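# Per-entry structural report
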Amino acid sequence: MTQTKEPGAELPLQVQEDVTIRFAGDSGDGMQITGNQFTSTSAVVGNDLATFPDFPAEIRAPAGTRPGVSGFQLHFSSKDIHTPGDRPDALVAMNPAALVVNIKDLKPGGIVVVNEGNFGANDLKKAKLETNPIEDGTLEGYRVIVVDINKRVAEALADSPLSSKEVQRCKNFYTLGLMYWLYSRPLEPTMNWLAKKFAKRPELVEANQKALQAGYNAGDIHEMFQGQYQVPACNDLPAGTYRNILGNQAIGLGLVAGAAQSGLDLFLGAYPITPATDILQQLAAYKNHNVMTFQAEDEIAAVCATIGAAFCGKLAVTSSSGPGIALKTEALGLAVSVELPMVIVNVQRAGPSTGMPTKVEQADLYQSIFGRNGEAPIPVVAASSPADAFDCALEACRIALEYMTPVFLLSDNYIANGSEPWKLPRMEELPKIEVKFRTDPEGFQPFLRDEKLRRPWALPGTPGLEHRIGGLEKEDGSGNVCYDPQNHQKMTQYRQDKVLSIRDSIETPGVEGPESGDLLVLGWGGTKGSITSATNTCREAGLSVANMHLRHLWPLPNGLDAIFGRYKAVLIPEINMGQLWRVLRSEYPEHNFLSYPKVQGKPFMASELVERIKSILEK
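Thresholds applied
Counting of residues starts from 1 at the beginning of each chain's written sequence and follows it residue by residue. Note on the predicted model: pLDDT of at least 70 is required for a residue's local features to be given, and 80 or more for side-chain atom pairs to be given and counted; whole-chain, interface and lining totals, by contrast, use all residues. Water and hydrogen atoms were dropped before computing side-chain values, which therefore reflect all heavy atoms in the structure. Patch membership is restricted to residues that have no salt bridge and whose relative accessible area is over 30%. Joining uses 9 Å for like charges and 5 Å for the nonpolar side chains Val, Leu, Ile, Met, Phe, Trp and Tyr. Methods summary: accessible areas were calculated by the Shrake-Rupley approach with a probe of 1.4 Å, and residue burial reflects only the protein chains presented. One side-chain nitrogen of Lys or Arg within 4 Å of one carboxyl oxygen of Asp or Glu is enough to make a salt bridge. Residue burial is assigned from relative accessible area. The probe radius is 1.4 Å, only protein chains are included, and a residue is buried under 20% of its type maximum, exposed over 50%, and partly exposed in between. Pairing between strands requires that DSSP locate at least two bridges from one strand to the other. A helix here means a DSSP run of H or I that spans at least four residues, while a strand means a run of E at least two residues long, and both kinds are numbered starting from the N terminus. The crossover handedness rule: strands pointing away from the viewer, path from first strand over the helix to second strand clockwise, crossover right-handed. Reported domain spans reflect what an automatic or database domain assignment gives. We call two residues contacting when some pair of their heavy atoms lies within 4.5 Å. Accessible surface is computed with a 1.4 Å probe, and the buried area is the amount of it that two parts give up when combined, taken over both parts together. For this analysis, a polar contact is any N or O atom pair within 3.5 Å, provided that within protein one partner can donate a hydrogen and the other can accept it, and provided that sequence-adjacent residues contribute only side-chain to side-chain pairs. Here an angle of 0 to 180 degrees is reported between the N-to-C directions of two axes, which are lines fitted to C-alpha atoms, with helices fitted over the stretch in contact. Asp and Glu are treated as the negative residues and Lys and Arg as the positive ones, with His and the ends of the chain left uncounted. Note on charges: their place is set at NZ of Lys, CZ of Arg, CG of Asp or CD of Glu. In these notes the angle categories are as follows: under 35 degrees is roughly parallel, over 145 is roughly antiparallel, 65 to 115 is roughly perpendicular, and the rest is oblique. Each crossing gets its handedness from the near helix: less than a right angle anticlockwise from the far helix is left-handed, clockwise is right-handed. Three classes are used, and their members are as follows: Ala, Val, Leu, Ile, Met, Phe, Trp, Tyr, Cys and Pro are nonpolar, Asp, Glu, Lys and Arg are charged, and the others, Gly among them, are polar. Any Phe, Tyr or Trp ring, taking Trp's six-membered ring, that has another such ring centre within 6.5 Å forms a pair; planes under 30 degrees apart are called stacked, those over 60 apart edge-to-face, and the others tilted. Counting as a charge over the ring demands two things of the Lys NZ or Arg CZ atom: a distance within 6 Å of the ring centre and an angle within 35 degrees of the ring normal. Definitions used throughout: a 1 Å grid over protein atoms alone; a cavity as a set of points that fits a 1.4 Å probe which cannot get out; a pocket as an open set with protein on both sides within 12 Å along at least five of seven lines; a lining residue as one with an atom within 4 Å of a point. Grid points are joined across faces, edges and corners, and a volume is the space filled by probe spheres set on the points.

## Description of a nonpolar patch on the surface
- Together, Leu472, Val481 and Tyr483 line one region of the surface with nonpolar side chains, adding up to about 350 Å² of accessible area.
- Taking relative accessible area as the criterion, Val481 reaches 45% and is therefore assigned partly exposed.

## A short note on the pairing of strand β22 (residues 593-597)
- In the sheet, strand β21 (residues 567-574) pairs with β22 via five bridges, with the strands oriented parallel. Directly across from Leu571, in β22, lies its bridge partner Leu594.
- Between β21 and its parallel partner β22, the chain crosses via helix α19 (residues 579-587), and the hand of that crossover is right-handed.

## Thoughts on the domain arrangement of the protein
- Examined at the domain level, the protein breaks down into domain 1 (2-230), domain 2 (243-429), domain 3 (438-505) and domain 4 (511-618).
- Summarising the inter-unit geometry, the C-alpha centres of domain 2 and domain 3 are found 24 Å apart.
- Taken together, the contact between domain 2 and domain 3 spans 24 residues of the former and 25 residues of the latter.
- Regarding the contact of domain 2 and domain 3, the summed buried area is about 2000 Å², with carbon and sulfur atoms giving 64% of it.
- Of the charged contacts, one joins Lys498 and Glu339 as a salt bridge, the two residues approaching to 2.8 Å between their closest N and O atoms.
- Here domain 2 is connected to domain 3 by twelve residue pairs in polar contact (both at pLDDT 80 or more).

## Structural notes on the sheet that holds β21
- Strand order in the open sheet formed by four strands is β19-β18-β21-β22, and the pairing between neighbours is parallel. With one partner strand each, in any of the chains shown, β19 (545-550) and β22 form the two edges of the open sheet. For this sheet, the mean angle separating the axes of adjacent strands, direction not counted, is 25°.
- Here six bridges tie strand β18 (residues 517-524) to β19, and the two strands are oriented parallel to one another. Bridging across to β19, Leu519 finds its partner in Val545.
- Sheet contacts for helix α17 (residues 528-540): β18, β19 and β21; angle to β19, the most-contacted strand, approximately 165°.
- Along the sheet, α19 contacts β18, β19, β21 and β22; its crossing angle with β21, the most-contacted strand, is approximately 145°.

## Quick notes on a positive patch on the surface
- On the surface, Arg66, Lys104, Lys128 and Lys602 cluster together into a patch of positive charge.
- Following the sequence through the fold, Lys602 ends up in the loop between β22 and α20 (606-617).

## Describing the packing of helix α7 (residues 188-197) against helix α8 (residues 202-221)
- Remark: α7 packs on α8, axes separated minimally by 9 Å, with the N-to-C direction vectors making an angle of 165°. The pairing of α7 with α8 is recorded here as roughly antiparallel in orientation. Regarding α7 and α8, the two cross each other, and that crossing is right-handed. Listed contacts from α8 to Thr190, Met191, Leu194 and Ala195 of α7 are Val205, Asn208, Gln209, Leu212 and Gln213.
- Considering only residue class, the contact of α7 with α8 consists of five nonpolar, four polar and no charged.

## With respect to the pattern of salt bridges
- Taken as a whole and judged by the stated rule, the model has 25 salt bridges.
- Between Glu203 and Arg201 there is a salt bridge; the shortest N-O distance is 2.7 Å.
- For Glu515, the salt bridge identified is with Arg566, shortest N-O distance 3.2 Å. Placement of Glu515 in the loop between α16 (485-500) and β18 and of Arg566 in the loop between α18 (560-564) and β21 is noted, with a sequence separation of 51 residues between them.
- Residues participating in the shared-partner salt-bridge network are Glu395, Arg398, Glu402 and Lys452.

## Let's talk about the packing of aromatic side chains
- Using the criterion set out here, one finds 16 aromatic pairs in the structure.
- The interplanar angle of 45° and the centroid separation of 5.5 Å between the aromatic rings of Phe38 and Tyr180 together place this pair among those described as tilted. Of this pair, Phe38 sits in helix α1 (residues 31-45) while Tyr180 sits in helix α6 (residues 171-182); the two residues are 142 residues apart in sequence, bridging distant segments of the chain. For the pair Phe38 and Tyr180, a shared accessibility class is recorded, and that class is buried.
- Relative to Trp193, the ring of Phe173 lies with its centre 6.3 Å away and its plane at 35°, an arrangement referred to as tilted. Here Trp193 lies in helix α7 and Phe173 lies in helix α6, a separation of 20 residues in the sequence.
- Classification of Phe173 as buried rests on a relative accessible area of 5%.
- Each residue in the set Phe23, Phe38, Phe76, Tyr180, Tyr183 and Tyr229 is aromatic and connected to the rest through ring pairs, giving one cluster.
- Over the ring of Phe447 we find Arg455, and its NZ or CZ is 4.8 Å from the ring centre.
- We note Arg612 situated over the ring of Tyr596; from NZ or CZ to the ring centre the distance is 5.6 Å.

## With respect to empty space enclosed by the protein
- For the structure on display, the rule yields two cavities of 30 Å³ or more.
- Taken as a whole, the largest cavity spans an internal volume of roughly 80 Å³.
- Surrounding the largest cavity, Phe52, Pro53, Asp54, Phe55, Thr358, Lys359, Val360, Asn413, Tyr414, Asn417 and Gly601 form its lining.
- For the lining of the largest cavity, the per-class residue count stands at five nonpolar, four polar and two charged.
- Two domains share the lining of the largest cavity, each providing at least three of its residues, namely domain 1 (2-230) and domain 2 (243-429).

## Describing a negative patch on the surface
- Together, Glu17, Asp18, Asp80 and Asp236 make up a region of like negative charge exposed at the surface.
- Relative to the elements of secondary structure, Asp18 occurs in strand β3 (residues 18-26).

## Remarks on the side chain of Arg495
- One can find Arg495 in helix α16.
- We classify Arg495 as buried; its relative accessible area is 8%.
- Not counting residues up to four positions away in its chain, the partners in contact with Arg495 are Val336, Ser337, Glu339, Pro377, Glu473 and His488.

What follows is the structure in structure tokens.
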């Protein structure tokens with residue numbers, strides 16, 4: 001960190017490489033909006049960034065209580081970063097519950113901004129506190145900034161026509177303005193957003209803009225801080241046009257791109273479920289891109305409609321989360337049996353059953369690979385970050401259409417609601433996906449296979465290609481219902497061999513770090529950022545550690561056996577109880593796989609992984 005002083009400024013300007021901030025308050029305090037606006041503004045400034053929203057499962061938990069705390073963590077940097085940060089440098093706590101739930105994560109010496117206006121006796125009682133943490137020593141060791149934001153907002157908006165209740169709803173923008181001043185962020189992007197957001201209610205535009213400006217001015221006028229901080233723009237990212245993107249947004253755009261690159265219309269059949277609903281909502285806005293969305297009455301209707309769309313020649317997609325995927329299971333077996341292309345998006349969340357709907361877990365790997373009755377293989381692709389979700393959606397479309405098979409696309413709550421800069425691709429540079437519909441009736445049989453074991457895709461209504469499909473076992477070639485035991489063996493083998501042959505079309509993942517050594521850290525899904533940060537730290541400390549990440553989880557890529565053999569051990573951190581670990585032990589039993597499970601509804605911190613790696617290598 002360097003420290004300078006701008007001409008005419010009374011407080012020093014401290015230049016930092018990166019900063020992690022966490023906004024925390026009640027669900028009604030607008031912390032997600034505050035965090036998103038800080039994120040968008042940091043993107044405009046040119047920082048690399050990563051975010052981690054964290055909110056309660058209840059639609060409206062009791063105000064001021066610990067279960068009702070909503071948080072948003074943002075890591076922004078002048079360098080390339082991989083995670084939303086382990087421990088925040090600054091915590092904004094809007095009430096006692098938010099403070100006590102989050103203070104343990106703050107770095108020693110970190111900044112705590114506390115809204116004193118919400119620390120009355122009743123507020124402490126709601127948070128189940130017997131003493132005031134501002135006064136009882138809880139905040140010793142931190143740089144504490146106590147502000148009565150309620151009072152300051154009321155003063156700033158004394159002339160507003162809004163009611164007292166509406167005025168207090170502006171306090172998140174006062175807070176945002178204060179943090180904009182502290183970290184040298186411009187006000188213009190949020191001012192413009194407010195003008196657009198509340199265009200039909202100019203009194204709300206004026207009030208929130210005034211609150212934002214008042215908070216910004218307060219940082220300078222009241223001299224609450226020791227100085228300002230500045231995080232310069234990041235120059236490590238490749239040149240191009242970037243936008244800030246959420247994981248669910250990236251999946252939606254990737255699916256639209258898949259339809260465009262294949263020349264097909266896109267159909268999404270879905271039922272709303274946290275945290276996958278945003279995909280349905282986003283695609284519903286893309287009707288002008290030949291997208292049709294169907295919000296079904298339940299998950300079963302959604303997936304069955306999707307199968308019908310695939311039968312009719314659409315790029316067919318269904319999206320859900322773990323509980324919804326469970327309901328779709330029988331129909332997914334039908335999709336395997338009739339061998340139609342479709343993409344099944346599973347935005348994973350903590351379970352089992354309804355579990356913790358707004359918390360992260362990647363425990364649906366077994367469900368995706370094995371979770372159907374009978375031998376019903378489905379390829380599985382997993383996104384590793386919000387930006388990577390676009391590429392993975394496109395890849396899932398490719399596999400589905402190229403091999404005439406359903407494909408699982410796995411995301412998770414951490415990826416779905418997290419964000420990062422995404423370089424906009426040029427459509428002409430994206431791979432084309434070739435689709436061939438059967439039109440020639442000569443020699444047609446619905447289950448006659450080509451060199452890739454694909455059956456023909458014949459659209460209903462094509463003259464001379466009338467055929468029927470269903471869940472009963474089909475005769476090889478003709479597709480007629482058949483109970484012959486040898487035919488069932490053959491058809492089961494065909495379906496398995498077709499899926500396993502997909503590995504010949506995917507690249508062996510690369511290894512970062514030494515090509516051989518003491519330890520390989522292997523991940524999948526949303527653990528990539530933490531693993532990359534941790535292994536970089538370990539290599540800088542001179543440890544013999546490499547890392548590799550899997551996008552394709554079934555079938556597994558070629559070449560893994562040789563890679564695993566070059567390391568004494570392979571550590572697999574997962575936000576589950578060791579599902580990939582068990583799969584790899586069954587596929588490659590001769591190697592030393594070590595499981596590192598975590599199921600706390602939270603992603604791995606890089607520091608956790610560093611400690612685990614060091615403990616293994618010290619033995």
